[in-house]
Amino acid sequence: MPKSKNRRKSKRSNAPSSSMDEVSPVVAEAENARAQKSETKETSKRSKVGTLQFLRQVRDEGQKVTWTSRNETLVSTIMVLIMVAIASVFFFLVDQILRWIVPIILNLNF
């Protein structure tokens, strides 16, 4: 079976060709740990920026944000107020019904 051109070559050149296709879990885990270490080192090197560069990046990210329009905010606020009014009426009615039913249940003589 011909090998794909996109397949990575093994770093161990002295290994037999049959073991190159099959990587043991221990070797794979060691390679993953090594890759994660190098990524963390690269990340820590990249994350150090100056104050002015940081502020520029913050400004650029803020410009990428999609802000809601005034109309959308107004409509959402009105919808929330209506839902709060409906919920408060509902709970008021449930409270009044329970206020009427509980004394009736508690006054039953068995």
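First things first, this report covers the structure right here in the doc.

Cut-off values and rules
Residues numbered from 1 in each chain as written. Predicted model: local features only at pLDDT ≥ 70, side-chain atom pairs only at ≥ 80, totals over all residues. Heavy atoms only, no water. Helix = DSSP H or I, 4+ residues; strand = E, 2+ residues; numbered from the N terminus. Buried < 20%, exposed > 50% of the residue type's maximum accessible area, 1.4 Å probe, protein only. Areas by Shrake-Rupley, 256 points an atom, 1.4 Å probe, with all protein chains shown as cover. Phe/Tyr/Trp six-rings, centres within 6.5 Å; stacked < 30°, edge-to-face > 60°. Patch = residues over 30% accessible without salt bridge, like charges linked within 9 Å, V, L, I, M, F, W, Y side chains within 5 Å. Salt bridge = Lys/Arg side-chain N within 4 Å of Asp/Glu carboxyl O.

**Brief notes about the overall build of the protein**
What the protein contains, in helices and strands, is 4 helices and 0 strands. Secondary structure of the protein in N-to-C order comes out as α-α-α-α. Residues classed as buried in the protein amount to 1% of the 110 residues present. On the protein, roughly 11,300 Å² of surface is accessible, and the fraction owed to carbon and sulfur atoms is 62%.

**Quick notes on the packing of aromatic side chains**
Evaluation of the coordinates by the stated rule reveals 1 aromatic pair. When the ring of F90 is compared with that of F91, the centres are 5.2 Å apart and the planes differ by 70°; the resulting orientation is edge-to-face.

**Digging into a nonpolar patch on the surface**
Residues F90, F91, V94, L98, V102 and L106 make up a contiguous nonpolar surface patch of about 600 Å² in total accessible area. Structurally, the position occupied by F91 is in helix 4 (residues 70-106).

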